[in-house]
Amino acid sequence: MKKLLAAFAAAAAFSAPLAQAADSLTVAATPVPHAEILNFVKPMLAKEGVELKVKEFTDYVQPNTQVAEKRLDANFFQHQPYLDEFNKSKGTSLVAVTGVHIEPLGVYSTKIKKLDELPAGATVVIPNDATNGGRALLLLDKAGVIKLKDNKSITATPKDIAENPKNIKVRELEAATLPRVLTQVDLALINTNYALEAKLNPTKDALAIEGSDSPYVNILVARPDNKDSAAMQKLAAALHSPEVKQFILEKYKGAVVPAF
C-alpha cells in the first residue's frame, strides 16, 4: 500500500509542472496597444486559472519566428495580410485565433499641416514590409497624392505608382523606425502602435487616416497545435469581452477601434 501511495505521489509530482504549463500562456506583443490590452486582461484570465505572461517586442519578425519555433505560445501584433505574407515567405504555418481591433494607418508630418501643401519632390517614408508598404501606398492613392496601377492591391510597391504629379520620392524603412525619422522627411506613414508609442495622436495629428472599414484587423496568432487549447480559447474570449471593448474605446479614443 505504501508503495502504491508513493507511486501516486511521484506521478502527481511529475505531472504538476505539466498541468501548470497547460494553464500558462506566454504571448509576444508590441508595447502599444497590444501589450497594454493583454495586461488589462491578465486579472480576468487569472480568475479562469490561466497565468498570462506578456513579452514585449518592437519588431514584426521575432514574434512570429519565436511562436513558430515553440519558444512562445502566441503573439498579438499583426493583421491577416501580414501573417499570410510571413507564412508564405518563411514557410511557417501560423494561424489566426481571433480578430481583436483595427489600428488605422496614418499619414504624419512635422513640416506641413495639409496634404495639398506637400511640396514637389517631397520625401515620403513608408513601412518596408510588403503588406504595410502596400497599405501605405493605397492610403496615399486614396488621399490623392499618387495613383496606383491597381488601387486594390495590398502588395503594391513604389514600382506600381502610375501617376506621381508631385514627383514624391518614396523610401521604404522598417516600420518601427518611422516615428524617429518623422522630422527628417516630408511625410511618414506610420502604424498606429508605433505612432502611439511616439506620443502621436492619430485622430488629431494624422493628415490622412484609414477609415474604420479597414480590412487590417489585428489578430491573436498561434500555431495549429495550440490554437484550440483551453487556455488559448479563454484568452480569445477575454479579448472579446465587453470590458476590453470599453477599455479600447476609453483609452485610445478612436486611435484603436474594436473589431468585435
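Not measured: the values here are computed from a predicted model.

Engineer: Honestly, the overall build of the protein in this entry has me stumped. Any pointers?
Structural biologist: Helix and strand content of the protein: nine helices and 13 strands. Considering only C-alpha atoms, the protein reaches an extent of 90 × 40 × 30 Å along its principal axes. Evaluated residue by residue, the protein yields a buried proportion of 48% over its 260 residues. Contacts in the protein between residues far apart in sequence, at least 24 positions, make up 73% of those at least 6 positions apart. For the protein, the exposed surface amounts to about 12700 Å²; the carbon and sulfur share of it is 54%. For the protein, the centre of its 31 positive side-chain charges and the centre of its 29 negative side-chain charges are spaced 3 Å apart.

Engineer: Looking at this structure, I do not really get the packing of helix α2 (residues 31-47) against helix α8 (residues 230-239). What am I missing?
Structural biologist: Geometrically, a packed helix pair is captured by the angle between its two axes and the distance between the axes. Between α2 and α8, whose axes approach to 10 Å, the crossing angle comes to 115°. Comparing their axes, α8 and α2 come out roughly perpendicular. As for how α2 packs across α8, the hand of that crossing is right-handed. For the pair formed by α2 and α8, the contact residues are Ile37, Leu38, Val41, Met44 and Leu45 on the first element and Lys234, Leu235, Ala238 and Leu239 on the second. For the contact of α2 with α8, a count of residues per class yields eight nonpolar, no polar and one charged.

Engineer: What am I meant to see in helix α4 (residues 80-90) here?
Structural biologist: Each full turn of the α-helix corresponds to 3.6 residues, which orients residues three or four apart in the same direction. Every buried residue belonging to α4 is among Pro81, Tyr82, Leu83, Phe86 and Asn87, and all of these are buried. Residues of α4 that are buried in the fold lie against α3 (62-68), β3 (74-79), β4 (95-102), α5 (130-142) and β12 (217-222). Downstream of α4 by a residue or two, Gly91 has a phi angle that is positive, lying close to 70°.

Engineer: Looking at this structure, I do not really get the packing of aromatic side chains. What am I missing?
Structural biologist: Given two aromatic rings, one states the distance between the centres and the angle between the planes to describe the pair. Throughout the structure, instances matching the rule amount to seven aromatic pairs. Look at Phe247 and Tyr252: their rings are 6.1 Å apart centre to centre, the planes differ by 90°, and that puts the pair in the edge-to-face class. An identical accessibility class is assigned to Phe247 and Tyr252; each is buried. Three or more aromatic residues link up through ring pairs in this structure, and these residues are Tyr60, Phe77, Tyr82, Phe86 and Tyr194.

Engineer: What am I meant to see in the side chain of Thr192 here?
Structural biologist: Along the chain, Thr192 turns up in helix α6 (residues 192-197). Within the structure, the side chain of Thr192 is placed 2.4 Å from the backbone oxygen of Pro104, a separation counted as a polar contact. Residues within four places of Thr192 in sequence aside, it is in contact with Glu103, Pro104, Leu105, Pro202, Ala255 and Val256.

Engineer: Please explain the side chain of Asn87 as it appears in this structure.
Structural biologist: Tracing the sequence through the fold places Asn87 in helix α4. For Asn87, a relative accessible area of 14% corresponds to the buried category.

Engineer: Could you clarify how one ought to interpret the environment of Asn191 in this entry?
Structural biologist: Turning to its location among the elements, Asn191 is positioned in the loop between β10 (187-190) and α6. Along the chain, Asn191 and Pro104 lie 87 residues apart, while their C-alpha atoms are 7.2 Å from each other. Ignoring anything within four residues of it in the chain, the contact list for Asn191 reads Tyr60, Leu105, Pro127, Asn132, Arg135 and Ala175. Separated by 3.2 Å, the side chains of Asn191 and Asn132 make a polar contact.

Engineer: So what exactly am I meant to see when it comes to α5 here?
Structural biologist: End to end, α5 covers 18 Å across 13 residues, agreeing with the expected 18 Å (1.5 Å per residue, within 8%). Judged by how many residues are buried, α5 sits mostly within the fold: 11 of 13 residues are covered. Looking only at α5, the buried set comprises Thr131, Asn132, Gly133, Gly134, Arg135, Ala136, Leu137, Leu138, Leu139, Leu140 and Asp141. Two residues or fewer past α5, Gly144 is found with a positive phi of approximately 85°.

Engineer: How should the sheet that holds β4 be read in this particular structure?
Structural biologist: Strands belonging to one sheet form pairs held by backbone hydrogen bonds; the direction of such a pair is parallel or antiparallel. Strand order in the open sheet formed by six strands is β2-β1-β3-β12-β4-β13, with mixed pairing between adjacent strands. In this open sheet, the two strands that pair with only one neighbour each are β2 (51-56) and β13 (257-258).

Engineer: What should I look at first to understand unusual backbone geometry in this one?
Structural biologist: Most of the time, phi is negative for any residue but glycine, and the peptide bond is trans. With omega at 0°, the peptide bond leading from Val32 into Pro33 counts as cis. Positive phi is not limited to glycine here, since Lys70 has a value of about 65°. Tracing the backbone through its elements, the reader meets Lys70 in the loop between α3 and β3. One non-glycine residue, Lys199, lies in the positive phi region at around 65°. Within the element layout of this structure, Lys199 appears in the loop between α6 and α7 (202-205). Under the relative-accessibility criterion, Lys199 is labelled exposed at 74%.

The rules behind these values
Residues numbered from 1 in each chain as written. Predicted model: local features only at pLDDT ≥ 70, side-chain atom pairs only at ≥ 80, totals over all residues. Heavy atoms only, no water. Helix = DSSP H or I, 4+ residues; strand = E, 2+ residues; numbered from the N terminus. Buried < 20%, exposed > 50% of the residue type's maximum accessible area, 1.4 Å probe, protein only. Contact = heavy atoms within 4.5 Å. Areas by Shrake-Rupley, 256 points an atom, 1.4 Å probe, with all protein chains shown as cover. Lys, Arg positive; Asp, Glu negative; His and termini not counted. Charge placed at Lys NZ, Arg CZ, Asp CG, Glu CD. Axes fitted to C-alpha atoms, helices over the stretch in contact; angles between N-to-C directions. Parallel < 35°, antiparallel > 145°, perpendicular 65-115°, else oblique. Left-handed = near helix turned anticlockwise from the far one by under 90°. Nonpolar A, V, L, I, M, F, W, Y, C, P; charged D, E, K, R; others polar. Phe/Tyr/Trp six-rings, centres within 6.5 Å; stacked < 30°, edge-to-face > 60°. Polar contact = N/O pair within 3.5 Å; in protein donor to acceptor, adjacent residues only side chain to side chain. Expected span 1.5 Å × (residues − 1). Pairing = 2+ DSSP bridges.

The values reported here are purely geometric and, on their own, carry no functional implication.
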